[in-house]
Amino acid sequence: MQAKKTNNINDMTNEFINILDFAMVLKILIAVAGVVIFILSLRAIIRAKSSKSWNTTSGEIIESKFIEFGSSGDSERIYGAKIKYKYVVQGTEYMSRRIYFGSSLLSNFKRWNGLRYARKFPKGEKVTVYFNRLNSKVSVLEPGIRSEIIFTSAIGIIVFLFGCYLLTNPSGLFT
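Given the structure is predicted, the values throughout are model-derived calculations rather than measurements.

Along the protein, the regular secondary structure elements total 3 helices and 5 strands. For the protein, the succession of helices and strands along the chain, N to C, is α-β-β-β-α-β-β-α. A buried classification covers 32% of the 175 residues belonging to the protein. A sequence separation of at least 24 residues applies to 70% of the contacts in the protein between residues at least 6 apart.

Structure (structure tokens):
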């Protein structure tokens, strides 16, 4: 009987250790996710800042539509503008969907913003395209830094700091 009781205690101890291991992995993943979000948004900030001095060429909107995500019964719908344009640099034709750095982030979750861009860039419209002279495939229709990128980098920092807090606080969440 004593051996069975010891086995039960060992099983419970092993299960508790597995839970702690899972909690540690989860805490590390949260911190890493924050770093990844921050690095990606920092890269976008650098590109957005440099886009103001990029070369320009003429382009044409080849697709423009307002889109909605989610079923008709959803109260939390996501909206956006699906814009596609083409442009030519040194005889090579390129296509892109990037309106500005960060346009795929929070801005398109608002109905009015999606409608605004679908109306601003109608199909067939001639546009000025800003392209990276070192990599002509990278382009935007509106150069410069937008609030969405700053907001996303701040979220990355907050998620990272939260993950660090969880890692350094033994009585924190997931324990």
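This part is about the sheet that holds strand E2 (residues 78-89). Reading across the sheet, the 5 strands line up as E3-E2-E1-E4-E5 and stay open at both edges, with antiparallel pairing between neighbours. Among the strands making up the open sheet, the edge pair consists of strand E3 (92-96) and strand E5 (135-140). Taken pair by pair, the neighbouring strands of this sheet meet at an average axis angle of 40°, ignoring direction. Inspection of the sheet shows E2 paired to E3 by 5 bridges, in the antiparallel sense. Paired with Lys86 across the bridge in E3 is Met95.

All right, on to the nonpolar core then. Among the nonpolar cores identified, the biggest contains 16 residues, and Ile61, Ile83, Tyr87, Phe121 and Leu141 are the most heavily contacted of them. Looking at this core, the elements with two or more residues in it are E2, helix H2 (111-120) and strand E4 (126-132). When residues of this core are assigned to their parent elements, the largest contribution, 5 residues, is made by E2. Ignoring any residue separated from it by four or fewer positions in sequence, one finds Ile83 in contact with Ile61, Glu63, Ser64, Ser96, Arg97, Ile99, Tyr117, Ala118, Phe121 and Leu141. Among the nonpolar cores identified, the runner-up in size contains 8 residues, and Trp54, Phe101, Val138 and Ile149 belong to it.

Across all of its chains, the model carries 6 salt bridges by this definition. The shortest N-O distance in the salt bridge between Glu63 and Arg97 comes to 3.5 Å. Placement of Glu63 in strand E1 (residues 55-69) and of Arg97 in the loop between E3 and H2 is noted, with a sequence separation of 34 residues between them. Accessibility expressed as a relative area gives 17% for Glu63, which makes it buried. A relative accessible area of 42% means that Arg97 is categorised as partly exposed. The salt bridge involving Lys120 is made with Glu142; its shortest N-O contact spans 2.4 Å. Placement of the pair is Lys120 in helix H2 and Glu142 in the loop between E5 and helix H3 (147-168), with a sequence separation of 22 residues.

To continue, consider the packing of aromatic side chains. Scanning the entire structure with this criterion turns up 5 aromatic pairs. Aromatic pair Trp54 and Phe101: ring centres 5.9 Å apart, planes at 80°, arrangement edge-to-face. Here Trp54 is found in the loop between helix H1 (2-51) and E1, whereas its partner Phe101 is found in the loop between E3 and H2, with 47 residues between them in sequence. Through a chain of ring-to-ring contacts, the aromatic side chains of Tyr85, Tyr87 and Tyr94 assemble into a single cluster. One residue, Arg146, lies across the ring of Tyr100, its end atom 4.3 Å from the ring centre.

Cut-offs and rules
- Residues numbered from 1 in each chain as written.
- Predicted model: local features only at pLDDT ≥ 70, side-chain atom pairs only at ≥ 80, totals over all residues.
- Heavy atoms only, no water.
- Helix = DSSP H or I, 4+ residues; strand = E, 2+ residues; numbered from the N terminus.
- Buried < 20%, exposed > 50% of the residue type's maximum accessible area, 1.4 Å probe, protein only.
- Contact = heavy atoms within 4.5 Å.
- Pairing = 2+ DSSP bridges.
- Axes fitted to C-alpha atoms, helices over the stretch in contact; angles between N-to-C directions.
- Core = buried A, V, L, I, M, F, W, Y, C linked by side-chain atoms within 4.5 Å.
- Salt bridge = Lys/Arg side-chain N within 4 Å of Asp/Glu carboxyl O.
- Phe/Tyr/Trp six-rings, centres within 6.5 Å; stacked < 30°, edge-to-face > 60°.
- Lys NZ or Arg CZ within 6 Å of the ring centre and 35° of its normal.

These values are about where atoms sit, not about what they do.
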